[in-house]
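Summary of the model geometry
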Amino acid sequence: MTRRIGHALRRAARLGAMGAILLLAAGSAWADGRGSSPVLRLDGIGPLRLGMSRAEAVATGWLSAPGPGCELGGPPLPVVYKLKGPKAPAGIVGTAQFDRGTLRVFAFSAGVRTTFGVAIPGGTVGDLLKRARAAGLSATSVYDETFAGRFVTVNRGGKQVLGAFATQSAIATLAVPYVPVCE
């Protein structure tokens, strides 16, 4: 009888340790923002891709609440949608901007992570620079006095593919291919 109890206790201890390891791994994935956040690719997110027509993008069910974009550039004004459509993943806070009917820019303030693991919220300028470079991309960071923050530019083959903005070290906006501004 004691042999069975000892075996059962050892087995429970092993399973408990494995369960604890799995919980720890899952917890760290959530803690660093890479848990179940949708992946922001350099060409889009989910079914949305840069260069899509407005009709194609709306048909994905990821977009809602269209409105006018920055008016300072003059007509034709861009059209900006929120990524809050019925098929969009919960937790995403972002926009998709169309210029002349074509999807040109994505900008996010929460709920996504890059293909190389930088998440928003939680990512820092230093982390983005380090991880983008490790992924074979060139990345630079420049402070801009007008916006009182740091713009990060990530390039592939001399072309900008990702941008970010931060007022401190934490990234406030993560965008493909650049951070849209209205000045």
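The rules behind these values
- Residues numbered from 1 in each chain as written.
- Predicted model: local features only at pLDDT ≥ 70, side-chain atom pairs only at ≥ 80, totals over all residues.
- Heavy atoms only, no water.
- Disulfide = S-S within 2.5 Å.
- Helix = DSSP H or I, 4+ residues; strand = E, 2+ residues; numbered from the N terminus.
- Buried < 20%, exposed > 50% of the residue type's maximum accessible area, 1.4 Å probe, protein only.
- Pairing = 2+ DSSP bridges.
- pLDDT = per-residue confidence, 0-100.
- Contact = heavy atoms within 4.5 Å.
- Core = buried A, V, L, I, M, F, W, Y, C linked by side-chain atoms within 4.5 Å.

Turning our attention to the state of the cysteines. Taken as a whole and assessed by the stated rule, the structure comprises one disulfide. Between the sulfur of Cys70 and that of Cys182 lies a disulfide, 1.8 Å long from S to S. On the S-S bond that ties Cys70 to Cys182, the torsion sits near 65°, and the link is right-handed. Separated by 112 residues along the polypeptide, Cys70 in the loop between strand E4 (64-68) and strand E5 (79-82) and Cys182 in the segment after strand E13 (173-176) bring together distant segments of the chain. We classify Cys70 as partly exposed; its relative accessible area is 24%. Residue Cys182 is classed as partly exposed on the basis of its relative accessible area of 44%.

Both E5 and strand E6 (residues 93-99) contribute to a ladder of four bridges, which runs antiparallel. Across the sheet, the residue bridging to Lys82 is Thr95, located in E6. Taken together, the seven bridges between E6 and strand E7 (residues 102-110) define a ladder with antiparallel strand orientation. Bridging across to E7, Gln97 finds its partner in Val105.

The next point concerns the confidence of the model for the protein chain. Overall, the prediction assigns the protein chain a mean pLDDT of 85, with 81% of residues at 70 or greater. Long-range and interchain partners of residues 1-35, a stretch whose pLDDT sits below 50, account for eleven contacts in this model, where long-range means more than four residues apart.

Omega for the bond connecting Ile120 with Pro121 falls within 30 degrees of zero, at 5°, which places this linkage in the cis form. When you line up the elements, Pro121 lands in the loop between strand E9 (119-120) and helix H3 (125-134). The residue after Val176, namely Pro177, is reached through a cis peptide bond having omega -5°. Looking at the secondary structure, you find Pro177 in the segment after E13. Even without being glycine, Arg100 reaches a positive phi, approximately 55°. Structurally, Arg100 can be placed in the loop between E6 and E7. Classification of Arg100 by relative accessible area gives exposed; the value is 73%.

The next point concerns the nonpolar core. Membership of the largest hydrophobic core comes to 37 residues, with the highest contact counts inside it found for Ile45, Leu48, Leu83, Leu128 and Leu162. Contributions of two or more residues to this core are made by E5, E6, E7, H3, strand E11 (149-156), strand E12 (159-166) and E13. If sequence neighbours within four positions are ignored, Ile45 has contacts with Pro38, Val39, Leu40, Trp62, Leu83, Ile92, Phe106, Phe108 and Val112.

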